[in-house]
Amino acid sequence: MLEGKIAWITGAGTGIGLAGAKALAQSGAIVVMSGRRKDVLDKEAAKISETGATVEVEPMDVADSKAVLNVADAIIKRHGRVDILVNNAGTNTENRFWENQTIEGWDQVIGVNLNAVFYCTKAVLDSMRKQKDGLIINVASWAGVHNVAITGPGYNGSKHAVVSITETLNMEECKNGIRACALCPGEVDTPIMDSRPVPPPKADRESMLTSKDLGNTIRWIAEQPPHVCLNEIVISPTWNRLYVGSIESNR
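Criteria and cut-off values
Throughout this document, residue positions are counted from 1 along each chain, in the order its sequence is written. For this predicted model, a pLDDT threshold of at least 70 governs which residues receive local features, and a threshold of 80 or more governs which side-chain atom pairs are given and counted, while totals over whole chains, interfaces and linings are taken from all residues. Hydrogens and water molecules were not included; the side-chain quantities draw on all heavy atoms of the structure. To qualify as a helix, a DSSP run of H or I must reach at least 4 residues; to qualify as a strand, a run of E must reach at least 2; elements of each kind are numbered from the N terminus. Only C-alpha atoms enter the radius of gyration; for comparison, a globular chain is expected to reach 2.2 Å times N to the power 0.38, where N is the number of residues. Categorising residues by exposure relies on relative accessible area from a 1.4 Å probe, with only protein chains included: less than 20% of the type maximum marks a residue as buried, more than 50% marks it as exposed, and the intermediate range marks it as partly exposed. The contact definition used throughout considers only heavy atoms, calling two residues in contact when any of these lie within 4.5 Å. Surface accessibility in these figures is a Shrake-Rupley result with a 1.4 Å probe; residues are shielded only by whichever protein chains are displayed. Neither His nor the chain ends is counted toward charge; the positive residues are Lys and Arg and the negative residues Asp and Glu. Here the site of a charge means NZ on Lys, CZ on Arg, CG on Asp, or CD on Glu. Axes here refer to lines fitted to C-alpha atoms; in helices the fit is confined to the stretch in contact. Angles between the N-to-C directions go from 0 to 180 degrees. Put simply, angles under 35 degrees are roughly parallel, angles over 145 are roughly antiparallel, angles from 65 to 115 are roughly perpendicular, and the rest are oblique. Take the far helix as the reference: if the near one is turned anticlockwise from it by less than a right angle, the crossing is left-handed, and if turned clockwise, right-handed. For this classification, Asp, Glu, Lys and Arg are treated as charged, while Ala, Val, Leu, Ile, Met, Phe, Trp, Tyr, Cys and Pro are nonpolar and the rest, including Gly, are polar. The pLDDT score gives, residue by residue, the confidence of the prediction method on a 0 to 100 scale. Whether two aromatic rings pair depends on their centres lying within 6.5 Å, for rings of Phe, Tyr and Trp, where Trp uses its six-membered ring; planes under 30 degrees apart make the pair stacked, over 60 edge-to-face, and the rest tilted. Here a polar contact is taken to be a pair of N or O atoms separated by no more than 3.5 Å, where protein atoms must pair a possible hydrogen donor with a possible acceptor and residues adjacent in sequence count only if both atoms sit in side chains.

Asks: How do you make sense of the overall build of the protein chain when you look at a structure like this?
Replies: Within the protein chain one finds eight helices and seven strands. For 251 residues, the compact-globule estimate of 2.2 N^0.38 gives 18 Å, and the protein chain sits close to it at 17 Å. Among the 251 residues that make up the protein chain, the fraction classed as buried is 51%. At a minimum sequence separation of 6, the contacts of the protein chain that also span at least 24 residues come to 70%. For the protein chain, the computed accessible surface area is about 12,000 Å², with 54% contributed by carbon and sulfur atoms. Taking the average place of the 26 positive charges on the side chains of the protein chain and the average place of its 29 negative ones, the gap between the two points comes to 3 Å.

Asks: I would appreciate a short explanation of the packing of helix α4 (residues 103–131) against helix α5 (residues 152–173) in the present structure.
Replies: Geometry of a packed helix pair, given as the angle between the helix axes and the separation of the axes. Their axes nearest at 8 Å, the elements α4 and α5 cross at an angle of 15°. When the axis of α4 is compared with that of α5, the two are roughly parallel. α4 and α5 meet at a crossing whose hand is right-handed. Counting all contacts with α4, which are made through Trp106, Val109, Ile110, Asn113, Leu114, Val117, Thr121, Leu125 and Arg129, the residues of α5 involved are Pro153, Gly154, Tyr155, Ser158, Lys159, Ala161, Val162, Ile165, Leu169 and Glu173. For the contact of α4 with α5, a count of residues per class yields 12 nonpolar, four polar and three charged.

Asks: Help me understand the environment of Ala116, please; the structure alone is not making it clear to me.
Replies: One can find Ala116 in helix α4. Since its relative accessible area comes to 4%, Ala116 is described here as buried. Linking Ala116 and Ala89, residues 27 residues apart in sequence, is a C-alpha distance of 8.0 Å. When residues no more than four places from it in sequence are discounted, the contact partners of Ala116 are Val62, Ala63, Asn87 and Gly111.

Asks: Whenever I open this one, the confidence of the model for the protein chain confuses me. Can you help?
Replies: Keep in mind that low pLDDT regions are not for reading the predicted coordinates in detail. Considering every residue of the protein chain, the mean pLDDT works out to 94; 97% of them sit at 70 or more. Predicted confidence is poor over residues 247–251, with pLDDT under 50, and the contacts of this stretch with residues over four places away or in other chains come to zero contacts.

Asks: Just to check I follow, could you spell out the packing of helix α1 (residues 15–26) against helix α7 (residues 211–222) for this structure?
Replies: Two elements in contact, α1 and α7, have axes whose closest approach is 7 Å; the angle formed by their N-to-C orientations is 45°. Of the possible angle classes, the one that applies to α1 and α7 is oblique. With respect to the hand of their crossing, α1 and α7 are arranged in right-handed fashion. Residues Gly15, Ile16, Ala19, Gly20, Ala23, Leu24 and Gln26 of α1 form the contact with α7, whose own contacting residues are Ser211, Lys212, Leu214, Gly215, Asn216, Ile218, Arg219 and Ala222.

Asks: Hey, could you run me through the packing of aromatic side chains in this one?
Replies: For any pair of aromatic rings, the description consists of the separation of the ring centres together with the inter-plane angle of the planes. In total, this model carries two aromatic pairs according to the counting rule given. Between the aromatic rings of Phe118 and Tyr119, the centroid separation amounts to 6.3 Å while the plane-to-plane angle is 65°, which identifies the pairing as edge-to-face. Summarising the aromatic geometry, the rings of Trp142 and Tyr243 are spaced 5.4 Å apart at their centres and angled 80° between planes, so their arrangement reads as edge-to-face. Residue Trp142 is found in the loop between β5 (134–139) and α5, and its partner Tyr243 is found in helix α8 (residues 241–249); the two are separated by 101 residues along the sequence. Taking relative accessible area as the criterion, Tyr243 reaches 48% and is therefore assigned partly exposed.

Asks: Would you take a moment to explain the side chain of Ser141 for this structure?
Replies: Along the chain, the position of Ser141 falls in the loop between β5 and α5. Side-chain polar atoms of Ser141 contact the backbone nitrogen of Ala143, separated by 2.9 Å. In contact with Ser141, not counting residues within four places along its chain, are Tyr155, Lys159, Leu183, Cys184 and Pro185.

See the structure below:
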């Protein structure tokens, strides 16, 4: 259904981003994978290419505005447009609470989770406006619609902001045929779990959403017709530790 569409995905080397790249490629999109580690991207892109899909690699640091602009310009020069942008890159720090959060850690979280969403979106908007069509999927978080204690103020604040700026895109750009979705997953078993002060035990991780679940969701969003805007999607595991912990702590 996405045959010939140009899809650019950040944080595409692992986790949700990689799953999204696979799912969009399976649907026929030409996928451009971005991330910091070229070796990882090359390895995963080669695997996807073996299925007959067209996959390209554009390494970059999403928190570097000049690098983002250079990559966006290269994609648009090569293909003439970007039809789908998936702002997936995200991070958190182990020292994430008011009692131990450092300025450097705060800047890192805001730089990757929030600033990068602005940089990448800004870099493709003009081309989307010209073609009167475009889809932006911002991978936010359950912590973008609820205040979650375990994720800390930097992560919560950045993800709430992503949900907000997604809606402003729809407010301003719907007249140009551009639509945006804030995808807000609960806990997903990805490598970011390892950066928690206390990583969840294996049994809990087995009950979480998987990267593939989110990849399939990204594909489903992308396959909707141009007149359909899925403003916000909140998705969680059925056994939701964030609910369970809240209930148990208030018994």
